[in-house]
Amino acid sequence: DARMNIVPIDKDVDADTVDLIETVLAMAKRGELRDVVVVGAVNDEDGTGFYRAASFSDRWRILGALEYAKEGVHRG
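These numbers come from a predicted model, not from an experiment.

### A short note on the confidence of the model for the chain
Taken over all residues, the pLDDT of the chain has a mean of 83, while the share at 70 or more is 86%. Element-level mean pLDDT values for the chain span from 80 in strand β2 (residues 47-55) up to 94 in helix α1 (residues 15-29).

In structure tokens, the structure reads:
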């Protein structure tokens, strides 16, 4: 069983991240989201890593959305 390899990690929960994910989940449940790309920094026992996932029908539109998000990161 793969679950036997899971080791619980005692880490502080980032409430802002949880709120954001819950907001996006509610939007998806209402049908307000069409395409999604998720990237996150993972804080596990091996140190910081990255998680990524995507579901989209138009790669060019989602690429444009990523560029828009990147601009927001650069502005800080």
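### Points about the pattern of salt bridges
Side chains that differ in charge, positive against negative, can pair when their charged atoms come close. According to the stated counting rule, one finds 4 salt bridges in the structure shown. With its nearest N and O atoms 2.9 Å apart, the salt bridge here joins R30 to E32. One salt bridge in this structure joins K70 and E67, with 3.2 Å as the shortest N-O distance. Here K70 pairs with E67, and both are found in helix α2 (residues 59-75), just 3 residues apart, close to one helical turn. Residue K70 is classed as partly exposed on the basis of its relative accessible area, which comes to 41%.

### Here we look at α1
The end-to-end C-alpha separation of α1 is 21 Å, in line with the 21 Å expected for 15 residues at 1.5 Å each. Near the N-terminus of α1, the side chain that reaches the backbone nitrogen of D16, with its oxygen 3.0 Å away, is that of D14. Once α1 ends, the next one or two residues include G31, with phi positive near 80 degrees.

What counts and what doesn't
- All chains use their own residue numbering, which begins from 1 and follows the written sequence.
- Confidence filtering applies because this is a predicted model: local features only for residues at pLDDT of at least 70, side-chain atom pairs given and counted only at 80 or more, and all residues used for totals across whole chains, interfaces and linings.
- Heavy atoms throughout the structure, all of them, feed into the side-chain values; hydrogens and water do not.
- What pLDDT expresses is the predictor's confidence in each residue, scored from 0 to 100.
- A run of H or I in DSSP counts as a helix once it spans at least four residues, and a run of E counts as a strand once it spans at least two, with each numbered from the N terminus.
- When a carboxyl oxygen of Asp or Glu lies within 4 Å of a side-chain nitrogen of Lys or Arg, that pair is called a salt bridge.
- Under the scheme applied here, a residue whose accessible area is under 20% of the maximum for its type counts as buried, over 50% as exposed, and between as partly exposed, the area being computed with a 1.4 Å probe on protein chains only.
- Helices are assigned an expected span. That span is 1.5 Å times one less than the residue count.
- In protein, a polar contact requires one atom able to donate a hydrogen and another able to accept it; more generally it is a pair of N or O atoms within 3.5 Å, and residues adjacent in sequence count only if both atoms are side-chain atoms.

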